[in-house]
Amino acid sequence: MAHLIAPSILSCDFGNLQKDVELINASEADWFHVDVMDGNFVPNISFGFPVIQAVNKLATKPLDVHLMINDPDRYLEEFKNVGAGILTVHYEACTHLHRTIQRIKSLGMKAGVALNPHTPVDLLFDVIEDLDLVLIMSVNPGFGGQKFIKNALLKVEQTKNLIHRRGSHAIVEVDGGVNLETGKELLNAGADVLVAGSFVFQSPDPLQTISSLKQLNV
Ligand code: DX5
Ligand code: ZN
């Protein structure tokens, strides 16, 4: 499949969120990447339901919600209600991961699992068939603008391999430190979705930057 681009709204101008949401609507981006942080699973707090709901009212593309929160089971239904189309939980934050995945799907959302840089891909062996998406973290979650961790390339290959071995339909998304250079390497390794925050919104022309990411050829 042609790869997808998911700009992260974490790097938007929160004083004028509508402008950046409309920019993403008008761009070649495929999804909105929405980073939720609880100040507990990660050492940062981002935003919650009212902000996501406001984005969803304006957005014309699916919300790809990345939960960096402990025990996400408490809030799955609320995330559905504010507009999540894809809901991704962290492997490291779920005690009963299989149950969490089933609940996300029964609520009518696509289910994703994210892996921190230190978490081996093989730990997904028993749930990969149930997943719609695997999110490989190429930075330690919590902040935008960090340096890409190269080992993510190997993990993308390993994830693709696991998906094929197990006959899963899951796609592979990568998050953190994505730019044109790392983006190209990730696509070569088999990534299906690229998340990009600071590279897009700190560039002089975000619309054009999204386009260059979308036009990357492998
Ligand atoms: C990091 C978040 C990312 C972040 C990426 O914890 O999950 O989605 O917005 O930002 P960049 O692209 O700046 O690394
Ligand atoms: Zn993210």
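In what follows, the structure referred to is the one given above.
In this report, the structure presented in the accompanying data block is examined. Given the structure is predicted, the values throughout are model-derived calculations rather than measurements.

Points about the site of ligand 1
Step number 1: Close contacts around ligand 1 come from 20 residues, with Asp35, Gly142, Gly145, Asp175 and Ser198 the closest.
Step number 2: Between ligand 1 and the protein, one listed contact pairs an oxygen atom with a backbone N or O atom of Gly142 at 2.7 Å.
Step number 3: At 2.5 Å from an oxygen atom of ligand 1 is found a side-chain nitrogen or oxygen belonging to Ser198.
Step number 4: Computed on the free molecule, ligand 1 has an accessible area of 380 Å², of which 100% lies beneath the protein chains in the complex.

Examining the packing of aromatic side chains
Step number 1: Inspection of every chain in the model, using the stated rule, returns 3 aromatic pairs.
Step number 2: Here the aromatic rings of Phe49 and Phe79 are separated by 4.8 Å at their centres, their planes lie at 55 degrees, and the arrangement is tilted. Taken together, the residues Phe49 in helix α2 (residues 49-58) and Phe79 in helix α3 (residues 76-81) connect sequence positions 30 residues apart.
Step number 3: Aromatic ring contacts, followed pair by pair, group Phe49, Tyr75 and Phe79 into a single cluster.
Step number 4: The residue whose ring lies beneath Arg166 is Phe125, and the NZ or CZ to ring-centre distance is 3.9 Å.

Section: the packing of helix α5 (residues 151-166) against helix α6 (residues 180-189)
Step number 1: Direction vectors running N to C along α5 and α6 enclose 25 degrees, while the axes themselves pass 8 Å from each other. Here α5 is positioned roughly parallel relative to α6, judged by the angle of their axes. Both α5 and α6 take part in a crossing whose hand is right-handed. Between α5 and α6, the residues in contact are Leu153, Val156, Glu157 and Lys160 and Glu185, Leu186 and Ala189, respectively.
Step number 2: Considered class by class, the residues forming the contact of α5 with α6 number 4 nonpolar, no polar and 3 charged.

Brief notes about the coordination of the zinc ion (ligand 2)
Step number 1: At the metal site, the zinc ion (ligand 2) is ligated by His33 (NE2), Asp35 (OD), His66 (ND1) and Asp175 (OD), and these contacts range over 2.0 to 2.3 Å.
Step number 2: Here the zinc ion (ligand 2) is ringed by 6 donor atoms whose angles at the metal span 70 to 171 degrees, and the overall shape comes out octahedral.
Step number 3: The sequence pattern describing where the donors of the zinc ion (ligand 2) fall on their chain is H-x1-D-x30-H-x108-D. Of this pair, Asp35 sits in strand β2 (residues 32-37) while His66 sits in strand β3 (residues 63-68); the two residues are 31 residues apart in sequence, bridging distant segments of the chain. Comparing Asp35 with His66, the two get one shared label, buried.

Procedures and definitions
- Residues numbered from 1 in each chain as written.
- Chains lettered and ligands numbered in written order.
- Predicted model: local features only at pLDDT ≥ 70, side-chain atom pairs only at ≥ 80, totals over all residues.
- Heavy atoms only, no water.
- Near = heavy atom within 4 Å.
- Polar contact = N/O pair within 3.5 Å; in protein donor to acceptor, adjacent residues only side chain to side chain.
- Areas by Shrake-Rupley, 256 points an atom, 1.4 Å probe, with all protein chains shown as cover.
- Phe/Tyr/Trp six-rings, centres within 6.5 Å; stacked < 30°, edge-to-face > 60°.
- Helix = DSSP H or I, 4+ residues; strand = E, 2+ residues; numbered from the N terminus.
- Lys NZ or Arg CZ within 6 Å of the ring centre and 35° of its normal.
- Axes fitted to C-alpha atoms, helices over the stretch in contact; angles between N-to-C directions.
- Parallel < 35°, antiparallel > 145°, perpendicular 65-115°, else oblique.
- Left-handed = near helix turned anticlockwise from the far one by under 90°.
- Contact = heavy atoms within 4.5 Å.
- Nonpolar A, V, L, I, M, F, W, Y, C, P; charged D, E, K, R; others polar.
- Donors = N, O, S within 2.8 Å, 3.2 Å for Na, K, Ca; no water.
- Tetrahedral: all angles 85-135°; square planar, octahedral: opposite > 155°, others 65-115°.
- Buried < 20%, exposed > 50% of the residue type's maximum accessible area, 1.4 Å probe, protein only.

Fair warning: the whole summary comes from geometry, so function is off the table for now.
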